[in-house]
Amino acid sequence: MITRRNFLVRWMSAFLLLIGQMLFRPFSKAWADTDPFVGTDFVGKTRAGEHESFYINYWKPMRRIKPERWKLEVTGLCKNPGAFRIEDIKSFPVKTRSSRMKCVECWSARAKWQGFSIAELEKKVQPLPEAIGVVFHCADAYIEYLSRESLLKPETLLVHSMDGKPLTDEHGFPLRIIIPFKYGYKNPKAILKMEYVSNFQAGTWSKIGPYSMDGTILPGTDHPLDFGKQPRRIPGGEIVDY
Ligand SMILES: Nc1nc2c(c(=O)[nH]1)N[C@H]1C(S)=C(S)[C@@H](COP(=O)(O)O)O[C@H]1N2
Ligand SMILES: [Mo]
């Protein structure tokens, strides 16, 4: 039985561990190189540890998702709303695509993603004609909106594996979107709920930063982590040249 005291003690120790690691990181090189969330029940934004060739963004540190408890809820404007467990999402026909994730904060990195197309999910949930978009609700309370038009493009996938392995907690276990012609912030991770809606909505990142609500990659300069951050000109849209 989980007593109230037990519960409090567990939360307090997790909290103290986090604070401790944050305080002591600057004083020790060894600590500075280590992902502060390794070995904890939490996952969050980091550039440390093995994450130098593919950075990790999370709006807020969050508890790791337990696979047996997770389900993808699909709600809102659809004829047949439902919930999907990990076995269910694995049963959709698998599509594989290599694409580059481009963060609006300069860096980018390429990976091979595996998942399924949103059209397959829509065959089951049957969105109503007035559903023009989807609001994604994530485990770190991050919210992002994507139009159905952009979700139904062939390069957009709901993804459960990365470079041949199931997504790690860091990269959005168990399910994320990959939409390579939009900046990273339009690629929500650790998705809990998809809500079909009839109006355009602003996502978390476009509310807190000076970034467009649409998020299409603009012409500019990229600093790819897998090419030593050497600057490269990009023409806008999906990065296909490297
Ligand atoms: N749930 C959630 N998804 C998110 C974010 C976030 O903060 N929370 N950040 C986005 C941003 S800004 C980027 S650049 C990509 C980075 O993906 P990665 O962490 O797998 O490298 O995740 C996106 N998806
Ligand atoms: Mo980003």
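Here's a quick rundown of the structure.

Topic: the site of ligand 1
The environment of ligand 1 is made up of 19 residues, and the closest members are Tyr55, Asp140, His171, Arg176 and Lys189. Here a nitrogen atom of ligand 1 sits 2.7 Å away from a polar atom, N or O, in the side chain of Asp140. Separating an oxygen atom of ligand 1 from a side-chain N or O atom of His171 is a distance of 2.7 Å. The protein chains hide 98% of the 530 Å² of surface that ligand 1 would expose on its own. Tallied by class, residues from the shell around ligand 1 come to 12 nonpolar, four polar and three charged.

Some remarks on the pairing of strand S13 (residues 220-224)
Bridge analysis of strand S6 (residues 107-116) against S13 gives two bridges, and the strand direction is parallel. If you follow Ser108 over to S13, its bridge partner there is Pro224. In this structure, S13 lies alongside strand S14 (residues 232-234), joined through three bridges in antiparallel fashion. Residue Asp222 lies in a different strand from S14, and its bridge partner there is Arg232.

Focus on unusual backbone geometry
Backbone phi values are negative for most residues with the exception of glycine, while trans is the configuration of most peptide bonds. Backbone torsion omega between Phe173 and Pro174 reads 0°, so that peptide bond is classified as cis. Checked against the element boundaries, Pro174 lands in the loop between strand S10 (165-166) and strand S11 (176-178). Phi at Ala141 is positive, roughly 70°, even though this residue is not glycine. Within the fold, Ala141 resides in the loop between strand S7 (133-138) and strand S8 (143-147). You can call Ala141 partly exposed: its relative accessible area is 43%. Although it is not a glycine, Asp163 sits at a positive phi angle of roughly 50°.

Considerations on the sheet that holds S7
Pairing in this open sheet of five strands is mixed, and the strands run S4-S3-S12-S7-S8 from one edge to the other. Each edge of the sheet is formed by a strand with only one pairing partner; in this case those strands are strand S4 (82-84) and S8. When strand polarity is set aside, the average angle formed by the axes of neighbouring strands in this sheet is 20°. Across six bridges, the pairing between S7 and strand S12 (residues 191-197) is antiparallel. In the sheet register, Phe136 faces S12, and the bridge partner there is Met194. Its contacts with the sheet place helix H4 (residues 118-125) against strand S3 (72-76), S4 and S12, and it is angled at close to 70° to S12.

Topic: the pattern of salt bridges
In a structure, side chains of opposite charge can pair up when their charged atoms sit close to one another. On inspection of all chains with the given rule, the structure shows 12 salt bridges. Residue Arg97 pairs with Glu238 through a salt bridge whose shortest N-O separation is 3.1 Å. You can see Arg97 sitting in strand S5 (residues 95-102) and its partner Glu238 sitting in the segment after S14, a full 141 residues away along the chain. Accessibility expressed as a relative area gives 17% for Glu238, which makes it buried. Arg100 is the partner of Asp226 in a salt bridge, and the nearest nitrogen-oxygen pair spans 3.0 Å. Of the two residues, Asp226 is situated in the loop between S13 and S14 and Arg100 in strand S5; the sequence distance between them amounts to 126 residues. For Asp226, a relative accessible area of 35% gives the class partly exposed. When salt bridges that share partners are traced, they join Lys45, Arg47 and Glu105 into one network.

So, how was this worked out
Residues numbered from 1 in each chain as written. Chains lettered and ligands numbered in written order. Predicted model: local features only at pLDDT ≥ 70, side-chain atom pairs only at ≥ 80, totals over all residues. Heavy atoms only, no water. Near = heavy atom within 4 Å. Polar contact = N/O pair within 3.5 Å; in protein donor to acceptor, adjacent residues only side chain to side chain. Areas by Shrake-Rupley, 256 points an atom, 1.4 Å probe, with all protein chains shown as cover. Nonpolar A, V, L, I, M, F, W, Y, C, P; charged D, E, K, R; others polar. Pairing = 2+ DSSP bridges. Helix = DSSP H or I, 4+ residues; strand = E, 2+ residues; numbered from the N terminus. Buried < 20%, exposed > 50% of the residue type's maximum accessible area, 1.4 Å probe, protein only. Axes fitted to C-alpha atoms, helices over the stretch in contact; angles between N-to-C directions. Contact = heavy atoms within 4.5 Å. Salt bridge = Lys/Arg side-chain N within 4 Å of Asp/Glu carboxyl O.

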